[in-house]
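Below are the chains, spelled out letter by letter.
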Amino acid sequence: MTTTHDAAAKAEVGGRFHELQQELAPRRRAPYRLTEDIAIPPVTRGQLLALRRTNNDDEQMAIVLGDQYEAVEALFADRPLDEWLAFQKDLYAHLFGQGSSELPGGSSGS
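Residues numbered from 1 in each chain as written. Predicted model: local features only at pLDDT ≥ 70, side-chain atom pairs only at ≥ 80, totals over all residues. Heavy atoms only, no water.

(A) Here's a closer look at the packing of aromatic side chains. The final tally for this structure, using the stated rule, is 5 aromatic pairs. Centroid distance W84 to F87: 5.4 Å. Interplanar angle 40°. Geometry classified as tilted. Within this pair, W84 and its partner F87 are both found in helix α6 (residues 81–96), separated by 3 residues, close to a single helical turn. For W84, a relative accessible area of 13% gives the class buried. Among the aromatic side chains, those forming a connected cluster through ring pairs are Y32, F76, W84 and F87. (Phe/Tyr/Trp six-rings, centres within 6.5 Å; stacked < 30°, edge-to-face > 60°. Helix = DSSP H or I, 4+ residues; strand = E, 2+ residues; numbered from the N terminus. Buried < 20%, exposed > 50% of the residue type's maximum accessible area, 1.4 Å probe, protein only.)

So, in structure tokens, the structure goes:
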């Protein structure tokens, strides 16, 4: 029986899925580099689906930051709030495109 992981691995080898990846590669967003040690990768479809299931700002940020969540929280814990808000705005612009925080359903920052 073919698993989802097996199907994804096979799809990456060839076919239109592979071609789409190659077409998108030159314009794909790079990870958001916050510090030398903290890089936040582009949002996946799975993360987007998880974002749709919650309206809680803290949960949404945890979803977007993924495995970098604890490191980012520790970095900003004792910093002024305006730095956190500027980071959120800049991160969302990088990951979702400029002006994403002004779109209906976009994050306005906590």
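(B) Spatial organisation of a negative patch on the surface. A contiguous patch of negative charge on the surface is contributed by D57, D58, E59 and E73. In this structure, E59 sits in helix α4 (residues 57–65). Taking the relative accessible area as the measure of exposure, E59 reaches 43% and is therefore partly exposed. (Patch = residues over 30% accessible without salt bridge, like charges linked within 9 Å, V, L, I, M, F, W, Y side chains within 5 Å. Areas by Shrake-Rupley, 256 points an atom, 1.4 Å probe, with all protein chains shown as cover. Salt bridge = Lys/Arg side-chain N within 4 Å of Asp/Glu carboxyl O. Lys, Arg positive; Asp, Glu negative; His and termini not counted. Charge placed at Lys NZ, Arg CZ, Asp CG, Glu CD.)

(C) Seen up close, the packing of helix α3 (residues 45–52) against α4. Running from amino to carboxyl end, α3 crosses α4 at an angle of 175°, the nearest separation of the two axes being 9 Å. The orientation of α3 relative to α4 falls into the category roughly antiparallel. On the side of α3, the interface is formed by Q47, A50 and L51, while α4 contributes Q60, I63 and V64. In terms of residue class, the contact of α3 with α4 is built from 4 nonpolar, 2 polar and no charged. (Axes fitted to C-alpha atoms, helices over the stretch in contact; angles between N-to-C directions. Parallel < 35°, antiparallel > 145°, perpendicular 65-115°, else oblique. Contact = heavy atoms within 4.5 Å. Nonpolar A, V, L, I, M, F, W, Y, C, P; charged D, E, K, R; others polar.)

(D) Region of the structure containing the pattern of salt bridges. One pass over the structure, following the stated rule, counts 3 salt bridges. R16 is paired through a salt bridge with E23; the nearest N and O atoms lie 2.7 Å apart. Residue class for R16 comes out partly exposed when judged on its relative accessible area of 45%. On the accessibility criterion, E23 (41% relative accessible area) is partly exposed. For R79, the salt bridge goes to E83, with nearest N and O atoms at 2.8 Å. Accessibility expressed as a relative area gives 43% for R79, which makes it partly exposed. One salt-bridge network, held together by shared partners, links R16, E19 and E23.

(E) How the structure looks around α3. Every buried residue of α3 is accounted for by Q47, A50 and L51. With its buried residues spanning 105° around the axis, α3 presents them on a single face. Counted as exposed and oriented over 90 degrees from the buried face of α3: R45 and R52. If you follow the buried residues of α3, they end up packed against α4 and α6. (Arc of directions from axis to C-beta.)

(F) Structural view of the environment of F96. Within the secondary structure layout, F96 lies in helix α6. Expressed as a C-alpha distance, the spacing of F96 and V43, which sit 53 residues apart in the sequence, is 8.3 Å. Residue contacts for F96: discarding those within four places in its chain leaves R29, V43 and L51.

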